[in-house]
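Spelled out, the chains give:
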Amino acid sequence: GIQVEQSPPDLILQEGANSTLRCNFSDSVNNLQWFHQNPWGQLINLFYIPSGTKQNGRLSATTVATERYSLLYISSSQTTDSGVYFCAVPKRGGGADGLTFGKGTHLIIQP
Amino acid sequence: KAGVTQTPRYLIKTRGQQVTLSCSPISGHRSVSWYQQTPGQGLQFLFEYFSETQRNKGNFPGRFSGRQFSNSRSEMNVSTLELGDSALYLCASSLAGFLDYEQYFGPGTRLTVT
């Protein structure tokens, strides 16, 4: 089945810093999503980005489907950006379908 | 437009009991998927329902089951609970499935089995 790897696993930054989170996937995919899991456990949609670049405020994402990776950029970090960031891709076949998630990047923004 | 809702939000059960969790998708969405999140295994796909039919299933034992109603609301049931079933259970809705449509997640149900 498809493998999804995220890096770095942990990241501690000061407020105002910029960061880049990476997601590598092992096979071609129809789409890719980035989520932010808040402290209460809810997954918040950040980007639905099969390819190309999208921006939403201080966040942007780029997916290079031909090279099987996606990047999430966070600029001018705020403490509310803290949490776990997941990328996920759809998987079909091999005994288990659904979205396959990476293990996440745990981001801590210190004031 | 209202988001995905899940009830209950928290639940404590005893080993051997059974539990039913509920998920109401975004209006107009016909696909509902369920996921289990644990610290050890991360987020894992349980199953997907579309138009009242189970369309896809993950690698979980038969104790985990679900159904979908004509209004697209979905329930999942876990019978004969085990300690290892303690987890955050998340449901996701999409227009027509995870392959080609954006998934939107509910707030989750946190299940503790004692």
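The structure contained in this document is the topic of the report that follows.

Parameters at a glance
- Residues numbered from 1 in each chain as written.
- Chains lettered and ligands numbered in written order.
- Predicted model: local features only at pLDDT ≥ 70, side-chain atom pairs only at ≥ 80, totals over all residues.
- Heavy atoms only, no water.
- Disulfide = S-S within 2.5 Å.
- Helix = DSSP H or I, 4+ residues; strand = E, 2+ residues; numbered from the N terminus.
- Buried < 20%, exposed > 50% of the residue type's maximum accessible area, 1.4 Å probe, protein only.
- Pairing = 2+ DSSP bridges.
- Axes fitted to C-alpha atoms, helices over the stretch in contact; angles between N-to-C directions.
- Contact = heavy atoms within 4.5 Å.
- Buried area = accessible area lost by both parts, 1.4 Å probe.
- Salt bridge = Lys/Arg side-chain N within 4 Å of Asp/Glu carboxyl O.

1. Some words on the state of the cysteines
Any covalent bond linking the sulfur atoms of two cysteines counts as a disulfide.
Residues and elements named next belong to chain A.
Next, step 1: By the definition in use, this model includes two disulfides over all chains.
Next, step 2: A sulfur-sulfur distance of 2.0 Å marks the disulfide that ties Cys23 to Cys87. Judged by the sign of its S-S torsion, about 75°, the bond between Cys23 and Cys87 is right-handed. Placement of Cys23 in strand β3 (residues 19–25) and of Cys87 in strand β9 (residues 83–91) is noted, with a sequence separation of 64 residues between them. Of the two residues examined, Cys23 and Cys87, each falls in the buried class.

2. A word on the sheet that holds strand β1 (residues 4–7) of chain A
Residue and element names in this part refer to chain A.
Next, step 1: Taken together, the five strands give an open sheet; going across it, the order is β1-β3-β8-β7-β6, and neighbouring strands pair in antiparallel fashion. Each edge of the open sheet is held by one strand with a lone partner, namely β1 and β6 (52–56). For this sheet, the mean angle separating the axes of adjacent strands, direction not counted, is 15°.
Next, step 2: The pairing of β1 with β3 spans four bridges and is classified as antiparallel. Looking across to β3, one finds that Val4 is bridged to Phe25.

3. Topic: the interface of chain A and chain B
Next, step 1: Listed as interface residues are 21 residues of chain A and, on the opposing side, 21 residues of chain B.
Next, step 2: Carbon and sulfur atoms supply 50% of the area that chain A and chain B bury against each other, a total of about 1900 Å² over both sides.
Next, step 3: Across the contact surface, chain A and chain B share zero salt bridges.
Next, step 4: Among the secondary structure elements, those contributing two or more residues to the side of chain A that touches chain B are β4 (33–37), β5 (43–48), β9 and β10 (98–101) of chain A.

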